[in-house]
There are 2 protein chains.
Amino acid sequence: MAIRIGIMGYGNIGKGIETALADYPDMELAVVFTRRNPADVKIHTSGVPVVSAGEAEKWKDKVDVLVLAGGSATDLPEQTPAYASLFNVIDTFDTHAHISEHFAKVDEVAKNHGKTAMISVGWDPGLFSLARLFGHVILPDGKDYTFWGRGVSQGHSDAIRRVPGVKDGKQYTCPVESALEAVRNGENPVLTTRDMHTRECYVVAEKGADRGTIENTIKTMPNYFADYDTTVHFISEEELKEKHSGLAHGGFVFRSGRTGVHKEHDHVMEYRLKLDSNPEFTTHVVLAYARALYRFAKEGKKGCFTVFDVPPAYLSSLSGEELRAHLL
Amino acid sequence: MAIRIGIMGYGNIGKGIETALADYPDMELAVVFTRRNPADVKIHTSGVPVVSAGEAEKWKDKVDVLVLAGGSATDLPEQTPAYASLFNVIDTFDTHAHISEHFAKVDEVAKNHGKTAMISVGWDPGLFSLARLFGHVILPDGKDYTFWGRGVSQGHSDAIRRVPGVKDGKQYTCPVESALEAVRNGENPVLTTRDMHTRECYVVAEKGADRGTIENTIKTMPNYFADYDTTVHFISEEELKEKHSGLAHGGFVFRSGRTGVHKEHDHVMEYRLKLDSNPEFTTHVVLAYARALYRFAKEGKKGCFTVFDVPPAYLSSLSGEELRAHLL
């Protein structure tokens, strides 16, 4: 029987999960929950009900894994612990600074209700976290570097849009090519924030707004832009929609370290992702881990887990024997 | 108490393990076993005994994990199953075609004797296998590509040295730059053997040997060279020793795949290693997995495992809480 997947929230991540399921034949979409009026939510999959989030409890025996597809700022901190009392849950919580707190809450609820949960699944946190962990354990005498981009940062785009006189805007985080090369060459450079990334802003100004003031306000904004080389491009609303609606992203995790009696040998481990669609790739990662989560649940594991806890074989539908024969 | 590591065989891998231990403070070298006369084997670590392999059984309660540091051709197929009756064992068995068979033998012995074993640990098989597995499960609709090099291939160097008139030789496997770029750009190229790698041979000819004949014999050798663009450079014995004694290696694993309702989004996952010393890097991987193996043994897991079975958290000496706080 296929693993029955539920989706809570039908935004980018929810839609991505629905689409991704076509590539995971051992799973099927059972239900989509929404906080909107279900009648207003049209999904792609025929025959699958869209149900009000308030009715979720009625589905607790008809869903094997519930994917919480909301945002990390306000949705997931509430939803993941709440639904861990009813379902095995998985989320993409990505506020690094609050992961420990989120984990503790979800773990407690899941343990109390005999459920299995997994948080912070995706590529960062997620695959990049694994790359960092492997770097640490294999080259303990080393340094790591994480670069992001080129891709849209939601938080920085929001910050631009809060500037007076700005109608709309998008911000790209871009790795600095020369810094990437220095790291890739094993030079172990000491890099400041400014050395690693630049920030490119595409801004639609309101009619009559002073562009010089907007540009200055953005470039000097503390935390967000002041520590970076930032460029601001004013463009039309049409151009923003046409050229900057994409969801491409990616990045690099490097570990650079030394081995040998006299530490005379340098090694560089590089993990790179180049993604046309950040939410679609993320949902593929989530479904692979949903498979593992389902197996954890079947084995009776309770509580909260992360990518660090999952034996890679659990991600695949192949048997251990097949994996060893074809992929090892 | 530190994890007590034993080493069977004091070649490149054995020496690498000894050196690497300096970076793993939770482990210590307990003993080195050798098939040579122990009096002839001088190791770096003071106070650690070198013992005849025939005496290994006496050490079975004084070693937590025995690293089998022999070759895959003839040593490991015998040694790993044999010593799995006495010790928790780990090896770097890298003959891909015989992994299933090797696994089955080791698994049976380890289970029968209540021991824990791990085979084929290193970077390929090992880290590259993990990159392939992650590629498969995250982008099921995709292709993968493994490139090796630039680095010395032992098997191909041996093949050169068997050619009549050849005194000594080294062979480098080199990835083809244009093929790497095409894969990295998501072009999903169809690549023949010749398209992916070239082979560079550095040959010391015997006095009076015909260089044309040697070059032709190498370039037309089936399986080893005939399917590749091969270059042959004749050099002096001194130059071979001076410039081609290094053990650098590395490679790339790519997964290139598509997502989306109409499969309109391309993604590229790239895992790259650039290693100054193949055996030293390999032994670092082995020690990280020896730590996991020790934990498996402590938990009472019996039988044989591979990198696919190990939760990444088991590789680190940090607690789950620390890992989530600092690396997730």
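Residues numbered from 1 in each chain as written. Chains lettered and ligands numbered in written order. Predicted model: local features only at pLDDT ≥ 70, side-chain atom pairs only at ≥ 80, totals over all residues. Heavy atoms only, no water.

Asks: Can you tell me about unusual backbone geometry, naming the residues and giving the values?
Replies: Residues and elements named next belong to chain A. The step from G149 to R150 runs through a cis peptide bond, and the omega angle for that step is 0°. The topology assignment puts R150 in the loop between β7 (142–148) and β8 (151–152). For N223, which is not glycine, the phi torsion reads 65° and is therefore positive. Along the chain, the position of N223 falls in the loop between α8 (211–219) and β11 (229–234). With a phi close to 50°, K263 is a non-glycine residue in the positive phi region. Summarising the element assignment, K263 is placed in the loop between β12 (249–259) and β13 (265–275). Judged by relative accessible area, which is 24%, K263 ranks as partly exposed. (Helix = DSSP H or I, 4+ residues; strand = E, 2+ residues; numbered from the N terminus. Buried < 20%, exposed > 50% of the residue type's maximum accessible area, 1.4 Å probe, protein only.)

Asks: Go over the relation of the copies chain A and chain B with me, naming the residues and quoting the values.
Replies: Superposing the two chain copies requires a rotation about an axis and a translation along that axis. Mapping chain A onto chain B calls for a rotation angle of 180° and an axial translation of 0.0 Å; the resulting RMSD is 0.0 Å. The two molecules are tied by a two-fold rotation axis, judged by turn and shift. The share of interface residues of chain A whose copies in chain B are also at the interface is 100%, consistent with both copies meeting through the same surface. (Least-squares fit on C-alpha atoms with pLDDT ≥ 70 in both. Contact = heavy atoms within 4.5 Å.)

Asks: Explain the interface of chain A and chain B to me, and be specific about the residues and the numbers.
Replies: Taken residue by residue, the interface counts 66 residues in chain A and 66 residues in chain B. For the pair chain A and chain B, the summed buried area comes to about 5800 Å², and 64% of that belongs to carbon and sulfur atoms. Taken together, chain A and chain B are joined by 2 salt bridges. Of the charged contacts, one joins K263 of chain B and D23 of chain A as a salt bridge, the two residues approaching to 2.7 Å between their closest N and O atoms. For the pair chain A and chain B, the number of links is 34 residue pairs in polar contact (both at pLDDT 80 or more). (Buried area = accessible area lost by both parts, 1.4 Å probe. Salt bridge = Lys/Arg side-chain N within 4 Å of Asp/Glu carboxyl O. Polar contact = N/O pair within 3.5 Å; in protein donor to acceptor, adjacent residues only side chain to side chain.)

Asks: Let's hear about the packing of helix α4 (residues 127–138) of chain A against helix α4 (residues 127–138) of chain B: which residues, and what values?
Replies: Between α4 of chain A and α4 of chain B, the least distance of the axes is 13 Å, while the angle of their chain directions is 175°. Considered as vectors, α4 of chain A and α4 of chain B are oriented roughly antiparallel to each other. Contacts from L127, L130, F134 and I138 of chain A in α4 of chain A reach L127, L130, F134 and I138 of chain B in α4 of chain B. Across the contact of α4 of chain A with α4 of chain B, the residue classes tally to 8 nonpolar, no polar and no charged. (Axes fitted to C-alpha atoms, helices over the stretch in contact; angles between N-to-C directions. Parallel < 35°, antiparallel > 145°, perpendicular 65-115°, else oblique. Nonpolar A, V, L, I, M, F, W, Y, C, P; charged D, E, K, R; others polar.)

Asks: I'd like a rundown of the UniProt feature "domain: Meso-diaminopimelate D-dehydrogenase C-terminal" (unreviewed entry) in chain A, residues and numbers included.
Replies: The UniProt entry lists residues 122–277 of chain A under the feature "domain: Meso-diaminopimelate D-dehydrogenase C-terminal" (unreviewed entry), expressed in the numbering used here. Helix makes up 31% of residues 122–277 of chain A and strand 36%. Its end C-alpha atoms lie 13 Å apart. (UniProt positions renumbered as here; feature names shortened; annotations may be inferred.)

Asks: Pulling in residues and values, what's your account of the packing of aromatic side chains?
Replies: Using the criterion set out here, one finds 19 aromatic pairs over all chains in the structure. An aromatic cluster is present here, built from W123, F128 and Y271 of chain A together with W123, F128 and Y271 of chain B joined pairwise through their rings. Cation over ring: K301 of chain A sits above F296 of chain A, and NZ or CZ is 4.5 Å from the ring centre. In this structure, R324 of chain A packs its charged tip against the face of F103 of chain B, placed 3.5 Å from the ring centre. (Phe/Tyr/Trp six-rings, centres within 6.5 Å; stacked < 30°, edge-to-face > 60°. Lys NZ or Arg CZ within 6 Å of the ring centre and 35° of its normal.)

Asks: Describe in detail the pairing of strand β10 (residues 197–205) of chain B, supporting the description with residues and values.
Replies: All names here are of chain B. Burial analysis of β10 places 8 of its 9 residues in the buried class, the great majority of the element. Two strands pair when backbone bridges link them, and strand β9 (residues 166–175) and β10 are joined in this way by 9 bridges, in the antiparallel orientation. Residue pairing across strands places K170 opposite Y202, the latter belonging to β10. (Pairing = 2+ DSSP bridges.)

Asks: Can you tell me about the side chain of R272 of chain B, naming the residues and giving the values?
Replies: Structurally, R272 of chain B can be placed in strand β13 (residues 265–275). As a buried residue without a salt bridge, R272 of chain B has its nearest oppositely charged side chain in E270 of chain A, at a separation of 4.4 Å. Setting aside chain neighbours within four positions, we find R272 of chain B in contact with R184, V268, M269 and E270 of chain A together with G251 and F252 of chain B. (Lys, Arg positive; Asp, Glu negative; His and termini not counted.)

Asks: Residue-level account of empty space enclosed by the protein, with values.
Replies: Rolling a probe over the atoms, with the probe sized like a water molecule, indicates the empty space that remains. Using the criterion set out here, one finds 2 cavities of 30 Å³ or more in the structure. Of the pockets and cavities examined, the largest cavity occupies roughly 240 Å³. Considering the residues around the largest cavity, the lining is formed by 16 residues, among which L130, A131, F134 and Y271 of chain A together with Y271 of chain B are closest to the centre. Looking at the lining of the largest cavity, the element that brings in the most residues is α4 of chain A, giving 5 residues. Counted by class, the lining of the largest cavity contains 13 nonpolar, 1 polar and 2 charged residues. (1 Å grid on protein atoms, 1.4 Å probe; cavity = no way out; pocket = protein on both sides within 12 Å on 5 of 7 lines; lining within 4 Å. Points joined across faces, edges and corners; volume = space filled by probe spheres on them.)

Asks: Before we move on, can you summarise the environment of K241 of chain A with the specific residues and values?
Replies: Mapped onto the secondary structure, K241 of chain A falls in helix α9 (residues 237–243). With 186 residues separating them in the primary sequence, K241 of chain A and E55 of chain A have C-alpha atoms 37 Å apart.

Asks: I'd love a proper account of the pattern of salt bridges, names of residues and values included.
Replies: Residue and element names in this part refer to chain B. Under the criterion given, the structure shown has 40 salt bridges over all chains. The residue D26 makes a salt bridge to R291 at a minimum N-O spacing of 2.7 Å. One end of the pair, D26, is in the loop between α1 (12–20) and β2 (27–34); the other, R291, is in helix α10 (residues 278–298), and 265 residues separate them in sequence. With a relative accessible area of 23%, D26 lands in the partly exposed category. By relative accessible area, which is 5% here, R291 ends up buried. Measuring nitrogen to oxygen at the nearest pair gives 2.9 Å for the salt bridge that ties E215 to K219. With E215 and K219 both in helix α8 (residues 211–219) and 4 residues apart, this pair spans about one turn of that helix. Of the residues examined, E215 reaches a relative accessible area of 25% and is grouped as partly exposed. Under the relative-accessibility criterion, K219 is labelled partly exposed at 32%.

Asks: Kindly report on the sheet that holds β11 of chain A, identifying the contributing residues and their values.
Replies: Strands belonging to one sheet form pairs held by backbone hydrogen bonds; the direction of such a pair is parallel or antiparallel. Residues and elements named next belong to chain A. The strand order across the open sheet formed by 4 strands is β8-β9-β10-β11, and the pairing between neighbours is mixed. The open sheet has two free edges, formed respectively by β8 and β11, since each of these has just one partner strand. When β8 meets strand β9 (residues 166–175), the two strands line up antiparallel, connected through 2 bridges. Pairing of G151 across the sheet is with T173, part of β9. In the packing of helix α5 (residues 154–161) onto the sheet, contacts are made with β8, β9 and β10 (197–205), and the angle to β9 comes to roughly 145°.

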